[in-house]
Each structure stands twice: as C-alpha cells, then as structure tokens.
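For reference, the chains in residue letters:
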Amino acid sequence: MQSRRPGEPPESFGSLPRALAGELASRATARRYRRGEYICHAGDVATRLFVVQSGRIAIAVRARDGRESVAAVLGPGALFGELPFFDTEPRSSDARALTPVLLGEVEYTAVRAVVDANPSLLWDVTLILTRRLRATDEALADAMFLDVTGRTAKRLLQIAGPDNEFSLPVTQEELAAMVGASRERVNKAIATFVRLGWLQVSARTRYRILDRAELEARTHV
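Residues numbered from 1 in each chain as written. Predicted model: local features only at pLDDT ≥ 70, side-chain atom pairs only at ≥ 80, totals over all residues. Heavy atoms only, no water.

## Here's the deal with the side chain of Arg96
Logical step 1: Following the sequence through the fold, Arg96 ends up in strand 7 (residues 94-97).
Logical step 2: Among all residues touching Arg96, those that are not within four sequence positions of it are Gly36, Glu37, Tyr38, Ile39, Arg56, Ile57, Ala58, Glu68 and Glu174. (Helix = DSSP H or I, 4+ residues; strand = E, 2+ residues; numbered from the N terminus. Contact = heavy atoms within 4.5 Å.)

Here is the structure:
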C-alpha cells in the first residue's frame, strides 16, 4: 500500500474537497457489500453517509408498480447518502451494489462534529450540494433532450469511466432502467454503435470502445 503525502486526501475520498476528505476519512468505518446487496432503501431512517472506495453502486428509485429507474451509477470516490444529513428526512432512493463494493461509512454525528469544530468546512459542504444540483440539472436535460441512443451512449461512457475496455456490471434490464427505455430499444442503440464501428461487444457483457469521440459526440444535445 502506498503512503500518502501529508495533507493529501485518501484516493478513495479524492472526489471530495481536500480538507473535508481528510476529516471524513479519519472517522470512516470500512464495510464490504456483495453484488446485488442493498446498502439502503428509500424511506429508511438515515444516520450515515457513504464514500465508495471500490466497486460500483446504483442509485435507484422504484415506482409503486415495482418498476425501477436507475438515476446514477457511482464509482470509486463518489459520495452518496448526504441529503438526509441536511434535512433529517428519510432516504429518498435505494442504493444497491452492482459489483462487490467497499464503502467508507461516516456517522452524521461525526460529520456534524467536524463542521462544528471547523465552520469553514461549510464551504466544502456547499460545494457538495452544488455538485448534486448540477447533476440533477444534467439528468433533467438528458431526459428532456437526449433520445434513447444518446442516453445509451452516455450511460455506457459513465460505466466505462476512463477505460476503453470494461465489463458491464449490470443486467440488460438494469441498463435499460438506467437509460429510461425498454431493453429492446437500448439493445438496438448498442447494435447501432457496433454497426458504426464505435463499439465492440463480446459475450454480451464485455465491451470495448473503439471510437470514444463519436460516442461522446452522441451524448450532446
């Protein structure tokens, strides 16, 4: 394991503002989850926030008839579960492990103690909320202005991250829920990417991006 330089936030907390990352990391408890295991459910009483250290998490909401919509897929460094910290309301969505996951979990009481001891960290908290609002704005714009092909391209790029070769960590039904379309329409979009030479698919779950620039261009409204 590589050591960190003084003042450098842990890699798994690296997406957070530097000062807050260091404080939270020192108070976090590590916990592992199996693929498919739920971390929390919508309506649960909330007492902690989470930082993804390894693996991928699906944030989803479920309709009364059981249909699920995946709002986001989060990877290493992502923080979730922070909203109830601010308004003390129950969880607003489900969080499920898409792969084996290691989380850093921090009790809200510890977060409040950190902020009370150093009020300037409220600027870091404000930055977290700003990122959340921007992500919500982007999701709304995608739903309004991107067609199924564009949304499929965007989700595949989000899952791939910086890698050009990746395994799909979700089922075809889950990918369709992430895109907000039927499985048939999402599969048709993927087949189009393959036909155009932008994407290669093998064994149904192994993907290779051949032309990232074209896929990214397809995600713009």
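## Remarks on the environment of Arg35
Logical step 1: Within the element layout of this structure, Arg35 appears in the loop between strand 1 (29-33) and strand 2 (38-40).
Logical step 2: In this structure, the C-alpha to C-alpha distance between Arg35 and Ser93, residues 58 residues apart in sequence, is 18 Å.
Logical step 3: A polar contact of 3.1 Å, which involves the side chain of Arg35, links it to the backbone oxygen of Leu98. (Polar contact = N/O pair within 3.5 Å; in protein donor to acceptor, adjacent residues only side chain to side chain.)

## Thoughts on helix 5 (residues 148-160)
Logical step 1: Over its 13 residues, helix 5 extends 18 Å from the first C-alpha to the last, a length consistent with the 18 Å expected when each residue adds 1.5 Å.
Logical step 2: The element helix 5 is largely enclosed, with a buried count of 11 among its 13 residues.
Logical step 3: Taken together, the buried positions of helix 5 are Val148, Gly150, Arg151, Thr152, Ala153, Lys154, Arg155, Leu156, Leu157, Ile159 and Ala160.
Logical step 4: Of the residues one or two after helix 5, Gly161 is the one with positive phi, at around 60°. (Expected span 1.5 Å × (residues − 1). Buried < 20%, exposed > 50% of the residue type's maximum accessible area, 1.4 Å probe, protein only.)

## What to know about the nonpolar core
The nonpolar side chains of a soluble globular protein tend to be buried with one another.
Logical step 1: Core analysis: the biggest nonpolar cluster contains 28 residues, and Leu156, Phe166, Leu168, Leu175 and Val186 have the highest contact counts within it.
Logical step 2: Within the residue set of this core, elements represented by two or more residues are strand 4 (57-62), strand 5 (68-74), helix 5, helix 6 (172-179), helix 7 (183-196) and strand 11 (206-209).
Logical step 3: Looking at this core element by element, the count peaks at six residues for helix 5.
Logical step 4: With residues up to four places along the chain from it excluded, the contact list for Leu156 reads Phe166, Leu168, Leu175, Ile190, Phe193, Leu199 and Tyr207. (Core = buried A, V, L, I, M, F, W, Y, C linked by side-chain atoms within 4.5 Å.)

## Here's the deal with the sheet that holds strand 7
Logical step 1: Taken in spatial order, the four strands of this open sheet run 2-7-4-5, and their pairing is antiparallel. Strand pairing shows two members of the sheet lacking a second neighbour, strand 2 and strand 5, which therefore form its edges. Taking the axes of each pair of neighbouring strands and ignoring which way they run, one obtains an average angle of 30° across the sheet.
Logical step 2: In this structure, strand 4 lies alongside strand 5, joined through six bridges in antiparallel fashion. Counted as the bridge partner of Ala60 is Val70 from strand 5.
Logical step 3: Sheet strands in contact with helix 6 are strand 5 and strand 7, and its direction is about 90° off that of strand 5. (Pairing = 2+ DSSP bridges. Axes fitted to C-alpha atoms, helices over the stretch in contact; angles between N-to-C directions.)

## Thoughts on the pattern of salt bridges
Logical step 1: Applying the stated rule across the entire model yields 11 salt bridges.
Logical step 2: The residue Glu37 makes a salt bridge to Arg34 at a minimum N-O spacing of 3.9 Å.
Logical step 3: We classify Glu37 as partly exposed; its relative accessible area is 21%.
Logical step 4: On the basis of relative accessible area, Arg34 is assigned to the exposed category, the value being 61%.
Logical step 5: Among the salt bridges present, the one from Arg206 reaches Glu165, with a minimum N-O distance of 3.9 Å. Of the two residues, Arg206 is situated in strand 11 and Glu165 in strand 9 (residues 165-167); the sequence distance between them amounts to 41 residues.
Logical step 6: Among the residues examined, Arg206 registers a relative accessible area of 34% and is labelled partly exposed.
Logical step 7: On the basis of relative accessible area, Glu165 is assigned to the partly exposed category, the value being 46%. (Salt bridge = Lys/Arg side-chain N within 4 Å of Asp/Glu carboxyl O.)

## Observations regarding the packing of helix 5 against helix 6
Logical step 1: In the contact formed by helix 5 and helix 6, the axes pass within 9 Å of each other and the chain directions differ by 115°. The orientation of helix 5 relative to helix 6 falls into the category roughly perpendicular. Crossing geometry of helix 5 relative to helix 6 is assigned as right-handed. Where helix 5 abuts helix 6, its residues Val148, Arg151, Thr152, Arg155, Leu156 and Ile159 lie against Leu175, Met178 and Val179.
Logical step 2: Class assignment of the residues belonging to the contact of helix 5 with helix 6 gives a composition of six nonpolar, one polar and two charged. (Parallel < 35°, antiparallel > 145°, perpendicular 65-115°, else oblique. Left-handed = near helix turned anticlockwise from the far one by under 90°. Nonpolar A, V, L, I, M, F, W, Y, C, P; charged D, E, K, R; others polar.)

## Some details on the packing of helix 6 against helix 7
Logical step 1: Their axes nearest at 9 Å, the elements helix 6 and helix 7 cross at an angle of 90°. With respect to helix 7, the axis of helix 6 lies roughly perpendicular. On helix 7, the residues touching Gln172, Glu173, Leu175, Ala176 and Val179 of helix 6 are Arg183, Val186, Asn187 and Ile190.
Logical step 2: For the contact of helix 6 with helix 7, the residue count by class is five nonpolar, two polar and two charged.

Without other data, these values stay purely geometric and don't point to any function.
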